[in-house]
Amino acid sequence: MSRVTIEVVVNGQPHRAEIPARRLLADFIRDDLFLTGTKRGCETGVCGACSVLLDGEVVKSCLSLAVQAEGHEITTVEGITSGGELHPLQASFAEHGGFQCGYCTPGMLMAAIAILNESPSPTEAEVRAGLSGNLCRCTGYVGIVESIMAAAEKMRGT
Amino acid sequence: MRDFDYLMPETVGEVSGLLARLGDDCRMIAGGTALLLALRQRMVTPTHLVSLARVRGLRGITYDPRDGLRIGALTTHAAVARSPLVRQRYPVLADMASRLANPQVRNQGTLGGNLCYADPTTDPPTCLAALEAMLVLGSARGYRYLPVTDFLVDYYASALEPDEVLTEIRIPAPRFDFGYHARFHRTAAEHRPLINLALLARRDGDVVGEARLVVGATTVVPTRVAAAEAVLAGRRVTAALAREAADIVAEAIDPVSDIRGGSAFRRDMVRVVARRTIERLVEQDSEGRIVA
Ligand SMILES: Cc1cc2nc3c(=O)[nH]c(=O)nc-3n(C[C@H](O)[C@H](O)[C@H](O)COP(=O)(O)OP(=O)(O)OC[C@H]3O[C@@H](n4cnc5c(N)ncnc54)[C@H](O)[C@@H]3O)c2cc1C
Ligand code: FES
Ligand code: FES
């Protein structure tokens, strides 16, 4: 088996790992690092459940090899809490019915972080466009959009 | 997915040498968004993947008035959309790149990967054909230049030679004051366009000087419709003219027929997309009708 050694920073922590070259980033995160917050859904780039941040930009970890992340920084849903406190987006999802079964939620949160990084006061249309790579089979999206709009307001401190 | 070796060469010459030596057992990987799907479905089973990530000369966006715009093949869709140079000089291209696929794929997928995969149901080929883009293909043998319309030859087939790398996309200095890349989806949940249409024009008030009109996604390769361009040239844009030109577009193309849409449906929708896009040349009311 062809193996490669990669160095990546995941949720602020440096990792060095020897892995098969064909290991998907999603599998590396879940099966090698045991960070199971990141979900595998369609595994064909459609559902967004596997979304993580790569150098701050949202990507689908099922569409990338782990070796492509070599030298880069990854943030998963486990990395967005600080000191045991929920991220404002997480708190807002809980408060505004942003999830039901929760399977899409880690991916939705990563997409939401990217939306708010790009524009701290997004319009509803911008939020919906920013979620266009993420599917939810439970909520009908209204609660998710409301959660993000409310969190944006909180994070702006208005 | 089958096992493979992962190679990280640093020059176009090295990549070309590997491709020449390993042949079909070797595939380049840029963003990986298209290739990984093909690998997982075992549509391709290479023994070697050649990463382009470290190859010099495949990145960056520059502009000068004589040569126009140069975009490195490894540039992601998101970087095209964000680039101040592209937004200022070629707003139609930045706007197209900001709307294709979804945020994740725009951050991962590259313009070069998009073109080399030659998937007809994508956006950049249509827009780049209207902009008369030229592609730079490099190998150990040197460089050659090919218009994007000669590069895309068929369904998932390009003119790339087995030892060649797409290094750069070049677009001549802008000469149009209007540009719009329309995307039509069968359902809102779909990512890939069923139809797209790029329209560029020089206008004098509501009179069209010169127009470029290219239809894609629903034809195997982008199709320029010169007959519609000729009908628009020198005419004042009215609802009647938009209908007349749209009819020509719908009749001129040869739509594919597949599970996402039969050719008759596609032709009808091309007519609608063409009419609506042409109407954008002049001011419209809130219902999309031409004012005055
Ligand atoms: C869910 C989803 C939705 C999408 N929706 C859209 C859409 O709405 N509109 C749209 O336009 N596109 C869409 N796409 C396609 C997207 O544009 C392409 O997948 C992407 O741009 C491919 O680029 P890449 O860098 O990931 O290519 P890769 O997967 O790395 O490579 C693709 C192919 O090109 C070859 N290649 C790559 N770079 C080069 C090079 N420089 N020289 C020679 N060969 C090269 C590779 O060997 C491979 O065969 C979608 C894709 C997905 C997964
Ligand atoms: S698992 Fe990656 S997009 Fe669905
Ligand atoms: S909450 Fe169940 S899929 Fe979104």
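Here the residue index of a chain counts from 1 through its sequence in written order. Whichever chain is written first becomes A and whichever ligand is written first becomes 1, with later ones labelled in order. In keeping with the model being predicted, local features are shown solely for residues with a pLDDT of at least 70 and side-chain atom pairs are shown and tallied solely at 80 or more, while totals for entire chains, interfaces and linings include all residues. Only hydrogens and water are removed before side-chain values are computed, so all heavy atoms of the structure are retained for them.

1. Some words on the overall build of chain B
Part 1: Scanning chain B from terminus to terminus reveals 12 helices and 14 strands.
Part 2: Judged by the C-alpha coordinates and their principal axes, chain B covers about 65 × 45 × 30 Å.
Part 3: Burial status follows relative accessibility: with a 1.4 Å probe on protein chains alone, a residue under 20% of its type maximum counts as buried, one over 50% as exposed, and anything between as partly exposed. Within chain B, the fraction of its 292 residues that count as buried is 52%.
Part 4: Every residue pair with non-hydrogen atoms within 4.5 Å of one another is taken to be in contact. The long-range share in chain B, meaning contacts at least 24 apart out of those at least 6 apart in sequence, stands at 60%.
Part 5: We get accessible surface area from the Shrake-Rupley algorithm with a probe of 1.4 Å; when it comes to residues, only the shown protein chains can shield them. Split by element, the accessible area of chain B, about 12,700 Å² in all, is 50% carbon and sulfur.
Part 6: Where the 37 positive side-chain charges of chain B centre and where its 34 negative ones centre are 3 Å apart. Helix and strand assignments follow DSSP, with helices taken as H or I runs no shorter than four residues and strands as E runs no shorter than two, numbered in order from the N terminus. Positive residues here are Lys and Arg, negative ones are Asp and Glu, while His and the chain termini are left out of the count. Where a charge sits is defined by one atom per residue type, namely NZ (Lys), CZ (Arg), CG (Asp) or CD (Glu).

2. Here we look at the layout of surface pockets
Part 1: Definitions used for this entry: grid spacing 1 Å over protein atoms alone; cavity, a set of points where a 1.4 Å probe fits but cannot get out; pocket, an open set with protein on both sides within 12 Å along at least 5 of 7 lines; lining residue, one with an atom within 4 Å of a point. Grid points are joined across faces, edges and corners, and a volume is the space filled by probe spheres set on the points. In this structure, the second largest pocket spans a volume of roughly 1,400 Å³.
Part 2: Taken together, 47 residues form the lining of the second largest pocket, with Ala 129, Gly 130 and Ser 132 of chain A together with Ser 98 and Arg 106 of chain B sitting closest to its centre.
Part 3: The set of elements that each furnish at least two residues to the lining of the second largest pocket consists of strand S4 (57-60), helix H3 (105-118) and helix H4 (124-130) of chain A together with helix H3 (77-82), helix H5 (91-99), helix H6 (103-108), strand S11 (178-184) and helix H12 (263-279) of chain B.
Part 4: For the lining of the second largest pocket, a count of residues per class yields 21 nonpolar, 13 polar and 13 charged. Just so you know the grouping, Ala, Val, Leu, Ile, Met, Phe, Trp, Tyr, Cys and Pro go in nonpolar, Asp, Glu, Lys and Arg go in charged, and all remaining residues, Gly too, go in polar.

3. As for the confidence of the model for chain B
Part 1: Residue-level confidence of the predictor is what pLDDT reports, using numbers from 0 through 100. Put simply, chain B has an average pLDDT of 96, and 100% of its residues get 70 or more.
Part 2: Here the prediction assigns the complex a pTM of 0.97, and the interface score ipTM is 0.97.

4. Observations regarding the packing of aromatic side chains
Residues and elements named next belong to chain B.
Part 1: Aromatic contacts are taken between Phe, Tyr and Trp rings whose centres are within 6.5 Å, Trp giving its six-membered ring; a plane angle under 30 degrees counts as stacked, one over 60 as edge-to-face, and the others as tilted. Enumeration according to the criterion identifies three aromatic pairs over all chains in this entry.
Part 2: Measuring from centroid to centroid gives 5.6 Å for Tyr 117 and Tyr 156, while their planes differ by 85°, and the two rings are edge-to-face. With Tyr 117 in helix H7 (residues 111-117) and Tyr 156 in the loop between strand S8 (152-154) and strand S9 (157-158), this residue pair connects regions lying 39 residues apart in the sequence.
Part 3: When its relative accessible area of 40% is taken as the criterion, Tyr 156 is described as partly exposed.
Part 4: For the ring pair Tyr 155 and Tyr 156, a centre distance of 5.0 Å and an interplane angle of 90° mean the geometry is edge-to-face.
Part 5: Three or more aromatic residues joined by ring pairs form one cluster here, namely Tyr 117, Tyr 155 and Tyr 156.

5. Structural notes on the environment of Ile 171 of chain B
All names here are of chain B.
Part 1: Mapped onto the secondary structure, Ile 171 falls in strand S10 (residues 165-171).
Part 2: Between the C-alpha atoms of Ile 171 and Ala 133, which are 38 residues apart in sequence, the distance is 4.5 Å.
Part 3: Excluding residues within four positions of it along the chain, Ile 171 makes contact with Asp 67, Gly 68, Leu 69, Tyr 90, Leu 93, Leu 128, Leu 131 and Ala 133.

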